[in-house]
Amino acid sequence: MPSKHIVVIGAGAFGGWTALYLLRRGARVTLLDAWGPGNARSSSSGETRVMRGTYGPAQPYTKMATRAMRLWKEHERRWNCQLFHRTGVLWMATAGDDQYERASLSPMREAGVHFEELSSSDMAKRWPQINFEDVRWGIYEPDSGFLCARNACQAVVKGFVHEGGEYEQLAVVAHQMESKYRDGLTLSDGSRLAADGYVFACGPWLGKLFANTIGDLIRPTKQDVFFFGTPAGDDRFSESKLPVWADHRDRFLYGIPAGGGRSFKIADDTRGPEFDPTSGERTASAEARTMIRDYLGFRFPAMKGAPLVGTQVCQYENTPDDDFIIDRHPQAENVWIVGGGSGHGFKHGPAIGEMVAEFAMERKDADAKFQLRRFRKT
Ligand SMILES: Cc1cc2nc3c(=O)[nH]c(=O)nc-3n(C[C@H](O)[C@H](O)[C@H](O)COP(=O)(O)OP(=O)(O)OC[C@H]3O[C@@H](n4cnc5c(N)ncnc54)[C@H](O)[C@@H]3O)c2cc1C
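The following refers to the structure shown. Just so we're clear, the structure is a prediction, and the values are computed from it rather than from any experiment.

## Quick look at the nonpolar core
- Core analysis: the largest hydrophobic core is formed by 50 residues, its most contacted members being Leu22, Trp72, Ile326 and Val338.
- Secondary structure elements with two or more residues in this core: strand 1 (5–9), helix 1 (13–24), strand 2 (28–32), helix 2 (61–79), helix 5 (150–162), strand 19 (332–339) and helix 9 (349–362).
- Residues within four places of Trp72 in sequence aside, it is in contact with Trp17, Met51, Leu83, Leu147, Ala152, Phe346, Lys347 and Pro350.
- Grouped together as the second largest cluster of nonpolar side chains are 27 residues, Met123, Phe132, Leu253 and Ala284 included.

This is the structure we're talking about:
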């Protein structure tokens with residue numbers, strides 16, 4: 001029997017892995033991306049992403065992250081490259097509001113995530129380069145850390161092509177997408193491409209591609225990321241001495257230590273203004289820079305006044321509940337929409353790819369939590 005031909009549109013964290021797993025399930029797969037895997041406009045752009053099991057009450061993400069972690073490591077071995085850095089992840093719980101951290105513990109126990117609960121004095125002894133003022137306690141995940149972002153997307157596409165997949169840098173023309181895909185796709189080079197099935201994993205572009213079905217259900221927001229230079233000859237802020245950290249206070253700030261030529265990264269998880277992923281200018285805001293600088297001097301006193309050595313502007317593709325969208329198009333059985341990473345999707349890439357390939361090939365439904373039906377007002 002000839003194998004099913006499936007076109008995956010978007011080679012970011014969601015689409016690349018989905019294409020790879022579809023291929024492994026026996027489909028003939030064509031993967032398309034307008035600007036390439038991990039390109040500077042995509043939500044999977046940049047160098048690093050946090051890999052963690054602490055997820056508060058928002059589940060099943062802890063379990064999904066543990067599955068993804070296994071798959072990330074399996075592929076590091078298979079492709080003989082480093083995609084994950086095991087620095088540990090430290091969550092600082094602020095006095096007053098630690099519900100998120102408390103709610104994280106039992107899902108982590110159930111999923112088998114190794115963690116320690118630490119008092120602020122334990123943490124101060126271990127990481128004297130951090131000022132733990134107003135932190136009551138913390139969760140330390142020694143086996144977590146950070147993932148390579150752009151490099152990993154490129155490694156996935158390379159692995160996909162090596163295993164027999166077909167990749168093309170081409171855009172699907174968005175015009176009248178809701179109805180026209182039934183007769184195949186129109187591509188940016190003027191050609192047409194028809195297949196048995198389609199997976200649209202177009203991140204922050206999904207709302208524009210599917211104006212009726214998705215529209216505002218995926219709202220891209222501007223997220224500024226800052227990189228600071230560490231003191232010369234001082235490795236206290238490098239991955240050998242400092243874990244990935246998250247500080248859950250009035251705002252949720254997080255960072256990734258320096259190392260391998262990268263500088264000290266800090267970002268604010270608070271949703272920024274709406275942003276156009278195609279035409280938006282990627283300049284970080286001065287206001288955010290001031291706030292981040294003040295915070296840096298407070299929490300990491302030896303970094304006070306450190307020079308800003310780079311900025312990056314990315315976008316989250318937020319759903320109203322921050323849960324992913326993994327579902328068939330309501331009017332087309334053979335069209336899947338996969339996205340809505342909402343600022344936390346990257347780590348789950350391999351677990352999502354594995355799941356979507358199973359759903360699409362075995363004609364199964366996604367978990368109700370990810371279906372579009374949840375947004376329908378009855
Ligand atoms: C600043 C920032 C920090 C983050 N931190 C973390 C973190 O620490 N941990 C974590 O797990 N997640 C994190 N995330 C979230 C995570 O990176 C995203 O959820 C994830 O990368 C989304 O992947 P995607 O494949 O859905 O989208 P994308 O990476 O945007 O991929 C979509 C692809 O589709 C292509 N495309 C779009 N339209 C078309 C078209 N018409 N034709 C062809 N191709 C098209 C694009 O070129 C793009 O490559 C962060 C995100 C940002 C922005």
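## A closer look at the pairing of strand 18 (residues 325–329)
- Counting buried positions over the five residues of strand 18 gives five, a clear majority of the element.
- Hairpin connection, strand 18 to strand 19: the antiparallel pair is bridged by two residues.

## Let's talk about the site of the ligand
- Near the ligand lie 35 residues; those nearest to it are Asp33, Ser43, Ser44, Val50 and Cys314.
- The separation between an oxygen atom of the ligand and a polar side-chain atom of Ser44 is 2.5 Å.
- The protein chains hide 97% of the 1,000 Å² of surface that the ligand would expose on its own.
- Elements supplying a minimum of two residues to the shell around the ligand: helix 1, strand 3 (48–51) and strand 17 (308–318).
- Per element, the largest residue contribution to the shell around the ligand is four residues, and it comes from strand 17.
- Classifying every residue of the shell around the ligand by side-chain character gives 18 nonpolar, 13 polar and four charged.

## Concerning the environment of His5
- You can see His5 is positioned in strand 1.
- The exposure class assigned to His5 is buried, which follows from its relative accessible area of 7%.
- Residues His5 and Ala195 lie 190 residues apart in sequence; the distance between their C-alpha atoms is 5.3 Å.

## A few points about the state of the cysteines
- Under the defined criterion, the tally for this structure stands at zero disulfides.
- Just so you know, Cys153 is unpaired, no disulfide at all, and the nearest cysteine sulfur is the one on Cys148, 11 Å from it.

## Some remarks on the sheet that holds strand 19
- Read from one edge to the other, the open sheet built from six strands follows the order 9-2-1-12-19-18, with strand pairing classed as mixed. Two strands bound the open sheet, and with one partner strand each, they are strand 9 (166–168) and strand 18. Neighbour-to-neighbour, the strand axes of the sheet open up by a mean angle of 20°, direction not taken into account.
- By the bridge criterion, four bridges tie strand 1 to strand 12 (residues 197–200) in an arrangement that is parallel. Directly across from Ile9, in strand 12, lies its bridge partner Phe200.
- Against the sheet, helix 5 engages strand 2 and strand 9, with an angle of about 135° to strand 9.

## Observations regarding the sheet that holds strand 7 (residues 135–141)
- If you trace the eight strands from one edge of the open sheet to the other, you get 6-7-5-14-15-16-13-17, paired in mixed fashion. For this open sheet the edge positions go to strand 6 (116–119) and strand 17, each flanked by a neighbour on one side alone. Direction aside, neighbouring strands of the sheet carry axes that sit 20° apart on average.
- Alignment of strand 13 (residues 219–228) against strand 16 (residues 264–268), held across four bridges, turns out to be antiparallel. Looking at strand 16, one finds that Phe228 is bridged to Phe264.
- Contacts from helix 3 (residues 99–111) reach strand 5 (89–94), strand 6, strand 7 and strand 14 (244–248), with the element oriented near 25° to strand 7.

## Some points on the packing of aromatic side chains
- Scanning the entire structure with this criterion turns up 22 aromatic pairs.
- Here Trp72 and Phe346 contribute two aromatic rings whose centre-to-centre distance is 5.7 Å and whose plane-to-plane angle is 20°, an arrangement assigned as stacked. One end of the pair, Trp72, is in helix 2; the other, Phe346, is in the loop between strand 19 and helix 9, with 274 residues separating them in the sequence. Neither residue differs from the other here; Trp72 and Phe346 are each classed as buried.
- Plain terms: the ring middles of Phe200 and Phe210 are 4.9 Å apart, the flat faces sit at 85° to each other, and that makes the pair edge-to-face. Of the two residues, Phe200 sits in strand 12 while Phe210 sits in the loop between helix 7 (206–209) and strand 13, which places them 10 residues apart along the sequence. For the pair Phe200 and Phe210, one class covers both residues: buried.

## As for unusual backbone geometry
- Of the consecutive residues Gln59 and Pro60, the connecting peptide bond is found in the cis state with omega at 20°.
- Within the fold, Pro60 resides in the loop between strand 3 and helix 2.
- Phi at Asp322 takes a positive value of approximately 65°, unusual for a residue other than glycine.
- Mapped onto the secondary structure, Asp322 falls in the loop between strand 17 and strand 18.
- Phi is positive for Arg363, close to 55°, though the residue is something other than glycine.

Rules used throughout
Residues numbered from 1 in each chain as written. Predicted model: local features only at pLDDT ≥ 70, side-chain atom pairs only at ≥ 80, totals over all residues. Heavy atoms only, no water. Core = buried A, V, L, I, M, F, W, Y, C linked by side-chain atoms within 4.5 Å. Buried < 20%, exposed > 50% of the residue type's maximum accessible area, 1.4 Å probe, protein only. Helix = DSSP H or I, 4+ residues; strand = E, 2+ residues; numbered from the N terminus. Contact = heavy atoms within 4.5 Å. Pairing = 2+ DSSP bridges. Near = heavy atom within 4 Å. Polar contact = N/O pair within 3.5 Å; in protein donor to acceptor, adjacent residues only side chain to side chain. Areas by Shrake-Rupley, 256 points an atom, 1.4 Å probe, with all protein chains shown as cover. Nonpolar A, V, L, I, M, F, W, Y, C, P; charged D, E, K, R; others polar. Disulfide = S-S within 2.5 Å. Axes fitted to C-alpha atoms, helices over the stretch in contact; angles between N-to-C directions. Phe/Tyr/Trp six-rings, centres within 6.5 Å; stacked < 30°, edge-to-face > 60°.

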